[in-house]
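Observations on chain architecture
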Amino acid sequence: DIQVTQSPSSLLASLGERVTITCQTSQSISNNLNWYQQKPGQAPMLLIYYATSLQTGMPSRFSGQYSGRSFTLTITSLEPEDIANYFCLQHYSAPFTFGSGTKLEIK
Amino acid sequence: QVNLLQSGAALVKPGASVKLSCKASGYTFTDYYIHWVKQSHGKSLEWIGYINPNSGYTNYNEKFKSKATLTVDKSTNTAYMELSRLTSEDSATYYCTRRHFDYWGQGVMVTVSS
């Protein structure tokens, strides 16, 4: 199975700050990774697909990059509505596996 | 617009089974696999498996092979997941999601308790 290591597990940031979350996979998955935002009591919402593509309707302050087995989600300027849990998903090969999540809070 | 509507919350006794539903609308049901995902304690997520609504072909996470059974009813555009021999470890929120994991159902909370 492909392991996905996500960091940090929690993050305190100030409004307007640049935020970066990372997922590292245990083997190469090309660009087959998605990023999600999940708010309490809600279903996950797709932010970024195939590592770098912004889902329609999502704010442009969200972006994704990757290099080899390392994937990053960046929020260029943190807004109050960005407070949520974020996680990644590798959909390269089954069993598909998720990162352990990052809880993003306001400092 | 794409929508996956899941059945309501379930309270079930240990040892029993429960069948969850996921009704799709806004797209051609048979064009997209349906995945099922488990979220425990509001945090960690696990992929359970997927079903091809067109052929009925299924692919399960080894961990859930003896726990979950995936089926579909093409006449009603509905996917089902039956969970059997329930224990407290099965208490979680379960989501259905479409191929590519783009659209998700609202989730259904299953609580296993006597």
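Residues numbered from 1 in each chain as written. Chains lettered and ligands numbered in written order. Predicted model: local features only at pLDDT ≥ 70, side-chain atom pairs only at ≥ 80, totals over all residues. Heavy atoms only, no water.

**Observations concerning the overall build of chain A**
Which entries qualify depends on this criterion: Here a helix means four or more residues in a row that DSSP labels H or I, a strand means two or more in a row labelled E, and each is numbered from the N terminus. Throughout, exposure labels follow a simple rule: accessible area from a 1.4 Å probe, protein chains only, divided by the maximum for the residue type, with under 20% read as buried, over 50% as exposed, and the rest as partly exposed. Contacts are assigned to residue pairs that have any heavy atoms within 4.5 Å of one another. Residue burial considers only the protein chains on display, and all accessible areas are found by Shrake-Rupley using a 1.4 Å probe.
Secondary structure summary: chain A contains zero helices and 11 strands in total. Its helices and strands in sequence order give chain A the pattern β-β-β-β-β-β-β-β-β-β-β, from N to C terminus. Each principal axis of the C-alpha atoms in chain A carries an extent, and together these give about 35 × 25 × 25 Å. Buried positions account for 47% of the 107 residues belonging to chain A. Partitioning the contacts of chain A with sequence separation of at least 6, the portion at a separation of at least 24 is 55%. Accessible surface for chain A amounts to roughly 4900 Å². Of this, 46% is attributable to carbon and sulfur atoms.

**What about the state of the cysteines?**
Note the threshold: In plain terms, two cysteine sulfur atoms within 2.5 Å form what is called a disulfide here.
Summed over all chains, the structure comprises two disulfides over all chains. Each sulfur of the disulfide joining A:Cys23 and A:Cys88 lies 1.9 Å from the other. Looking along the S-S bond of the A:Cys23-A:Cys88 disulfide, the torsion reads about -95 degrees, which is the left-handed sense. You can see A:Cys23 sitting in strand β3 (residues 19-25) and its partner A:Cys88 sitting in strand β9 (residues 84-90), a full 65 residues away along the chain. By the burial criterion, A:Cys23 is buried, and A:Cys88 matches it. Note that B:Cys22 is cross-linked by a disulfide to B:Cys96, the S-S spacing being 2.0 Å.

**Regarding the interface of chain A and chain B**
Threshold: When two parts are brought into contact, each loses some accessible area as probed by a 1.4 Å sphere; the total of that loss over both is the buried area. Here, a salt bridge means any side-chain nitrogen of Lys or Arg that lies within 4 Å of a carboxyl oxygen of Asp or Glu. Definition of a polar contact: a pair of N or O atoms within 3.5 Å, with one able to donate and the other able to accept a hydrogen when the atoms are protein atoms, and with sequence-neighbouring residues admitted only if both atoms are side-chain atoms.
Taken together, the contact pairs 19 residues of chain A with 17 residues of chain B. Of the roughly 1400 Å² buried between chain A and chain B on both sides combined, carbon and sulfur atoms contribute 64%. Sorting the residues of chain A by area buried against chain B places A:Pro44, A:Phe96 and A:Phe98 first, and these three jointly supply 34% of that buried surface. Where chain A touches chain B, the interface holds zero salt bridges. One can count five residue pairs in polar contact (both at pLDDT 80 or more) joining chain A with chain B. Looking at the side of chain A that touches chain B, the elements that each hand over two or more residues are β4 (33-38) and β9 of chain A.

**Observations concerning the sheet that holds strand β7 (residues 68-73) of chain B**
Residues and elements named next belong to chain B. For clarity, the cut-off: Think of it this way: DSSP has to see at least two bridges between two strands before they count as a pair. Orientation is described by lines fitted to C-alpha atoms, with helices fitted over the stretch in contact, and by angles between N-to-C directions that extend from 0 to 180 degrees.
With respect to topology, four strands assemble into an open sheet ordered β1-β3-β8-β7, the strand pairing being antiparallel. Whereas interior strands pair on both sides, the edge strands pair on one side only; in this sheet they are β1 (3-6) and β7. Averaged over neighbouring strand pairs, the angle between their axes works out to 20 degrees when direction is ignored. The pairing of β1 with strand β3 (residues 18-25) spans four bridges and is classified as antiparallel. Across the sheet, residue Leu4 finds its bridge partner in β3, namely Ala24.

**Some remarks on the nonpolar core**
To keep it simple, the criterion reads: Throughout this description, the term nonpolar core refers to a set of buried Ala, Val, Leu, Ile, Met, Phe, Trp, Tyr and Cys residues connected via side-chain atoms within 4.5 Å.
B:Val18, B:Leu20, B:Ile34, B:Trp36, B:Met81, B:Leu83 and B:Tyr94 are the most contacted members of the largest nonpolar core, which has 28 residues in total. Residue assignment for this core shows that the elements contributing at least two residues are β2 (10-12), β3, β4 (34-40), β5 (44-51), β7, β8 (78-83), β9 (92-98) and β10 (108-112) of chain B. Ranked by residue count, the leading element in this core is β3(B), at four residues. Core analysis: the second largest hydrophobic core is formed by 22 residues, A:Ile21, A:Trp35, A:Met58 and A:Phe71 among them.

**Brief notes about the packing of aromatic side chains**
Heads up, the condition is: Within 6.5 Å between ring centres, the rings of Phe, Tyr and Trp (the latter by its six-membered ring) count as paired, and their orientation is classed by plane angle as stacked under 30 degrees, edge-to-face over 60, tilted in between. A ring has a charge above it when a Lys NZ or an Arg CZ is no more than 6 Å from the ring centre and no more than 35 degrees off the ring normal.
For the coordinates displayed, the defined rule picks out 13 aromatic pairs over all chains. The interplanar angle of 75 degrees and the centroid separation of 4.9 Å between the aromatic rings of A:Phe96 and B:Trp47 together place this pair among those described as edge-to-face. With one member in each of two chains, A:Phe96 in the loop between β9 and β10 (97-98) and B:Trp47 in strand β5 form a pair that bridges those chains. Exposure remark for B:Trp47: the relative accessible area of 1% places this residue in the buried category. On the basis of an interplanar angle of 55 degrees and a centroid distance of 6.3 Å, the ring pair of B:Tyr50 and B:Tyr57 is categorised as tilted. An aromatic cluster of three or more residues is present, and its members are A:Phe96, B:Tyr33, B:Trp47, B:Tyr50, B:Tyr57 and B:Phe101. The ring centre of B:Tyr33 lies 5.1 Å from the NZ or CZ of B:Arg99, which sits over that ring.

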